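A closer look at the structure
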Amino acid sequence: MSHTAHIRSHRKPRRSASTLAMRAGVAGGVLGTLAVAGASGSANAAEPVTQTLELPTLTADLAAQAAQSADATEQAAANYQLQAERDAAAAKAAKQAKADLADAKEKAAEAKKKAQEAARKEAAARASRTAERTTLSTTADAGSTTISTSTSTSTSTATGSAAAVISFVKAQVGKAYVSGATGPSAYDCSGLVQTAFKQVGISLPRVSQDQSTAGTQVSLSNLQPGDILYWGNSGAAYHVAVYVGDGMFVGAQNPSTGVVERPLSYDPPTGAVRVL
């Protein structure tokens with residue numbers, strides 16, 4: 001025997017009969033409950049089962065939700081595509097507008113350059129004409145006395161072809177000036193000269209540039225009735241007329257004056273040619 005066996009607190013307690021009986025009753029009750037439950041389950045299994053399933057309803061709802069989701073996705077995709085197309089169109093329009101603006105600026109610059117060049121040429125031509133007229137005026141003023149003196153009696157002594165030419169041009173005084181006209185009711189400067197000399201069988205070129213080189217060059221101090229006067233350079237004359245003697249000439253001056261008879265000092269010529 002253990003040396004502590006005589007101590008009560010160290011002994012294993014014995015189970016009483018009542019405790020064992022209680023545990024046996026509980027176990028029996030549990031087993032009985034299980035048996036009843038099993039029997040009930042068997043009885044219920046033999047009967048037909050009637051139950052309403054909610055699965056089809058749930059499936060229909062899910063299909064509707066899926067369809068709505070698909071529609072929303074398709075709409076979103078369409079919106080994205082439309083927005084992308086709009087963005088692309090806007091970018092293309094902006095690019096085209098930029099190109100058009102650059103082209104317009106280039107054309108404007110080119111037009112401005114051409115206008116400036118034309119203005120420069122016109123100014124140069126105007127300055128050249130002014131200088132030319134100034135030179136002619138100075139030369140004519142210096143020699144006008146000599147010209148008048150040397151030809152003071154030439155009209156009365158003009159005969160033959162010269163007299164016929166002078167008579168014709170004087171008869172045209174007062175008629176209109178029309179560019180390109182050669183008579184009989186209107187003339188330009190070279191048209192009058194050409195038609196006048198045609199009366200005596202002499203064929204002259206049509207324009208003043210060529211008429212200024214058609215005959216023999218003569219000095220303004222040695223003019224004779226019937227000589228052709230020209231303004232500008234020989235071969236590049238811009239105006240012609242016929243010297244009629246006594247320091248006078250007849251010419252189709254311009255649209256405002258028409259055919260007139262004027263003194264040499266009115267518009268001093270540059271030079272003269274003789275074809276008679």
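Rules used in this analysis
- Residues numbered from 1 in each chain as written.
- Predicted model: local features only at pLDDT ≥ 70, side-chain atom pairs only at ≥ 80, totals over all residues.
- Heavy atoms only, no water.
- pLDDT = per-residue confidence, 0-100.
- Contact = heavy atoms within 4.5 Å.
- Buried < 20%, exposed > 50% of the residue type's maximum accessible area, 1.4 Å probe, protein only.
- Helix = DSSP H or I, 4+ residues; strand = E, 2+ residues; numbered from the N terminus.
- Pairing = 2+ DSSP bridges.

1. What to know about the confidence of the model for the protein chain
- Averaged over every residue, the pLDDT of the protein chain is 77; residues scoring 70 or more account for 65%.
- A low-confidence stretch, residues 41-46 stays under pLDDT 50, and its non-local contacts, those more than four residues away or across chains, total zero contacts.
- Here residues 134-156 scores under 50 on pLDDT; set against residues more than four positions off or in separate chains, the count is 30 contacts.

2. As for the pairing of strand β5 (residues 236-245)
- For β5, a buried count of eight out of ten residues is recorded, marking the element as mostly surrounded by other parts of the structure.
- Here six bridges tie strand β4 (residues 228-233) to β5, and the two strands are oriented antiparallel to one another. Paired with Trp 231 across the bridge in β5 is His 239.
- Where β4 folds back onto β5 in an antiparallel hairpin, the turn is made up of two residues, including Gly 235, whose phi is positive at roughly 90°.
- One ladder, built from three bridges, connects β5 with strand β6 (residues 248-254); its direction is antiparallel. Within β6, the residue paired with Val 242 across the bridge is Val 250.

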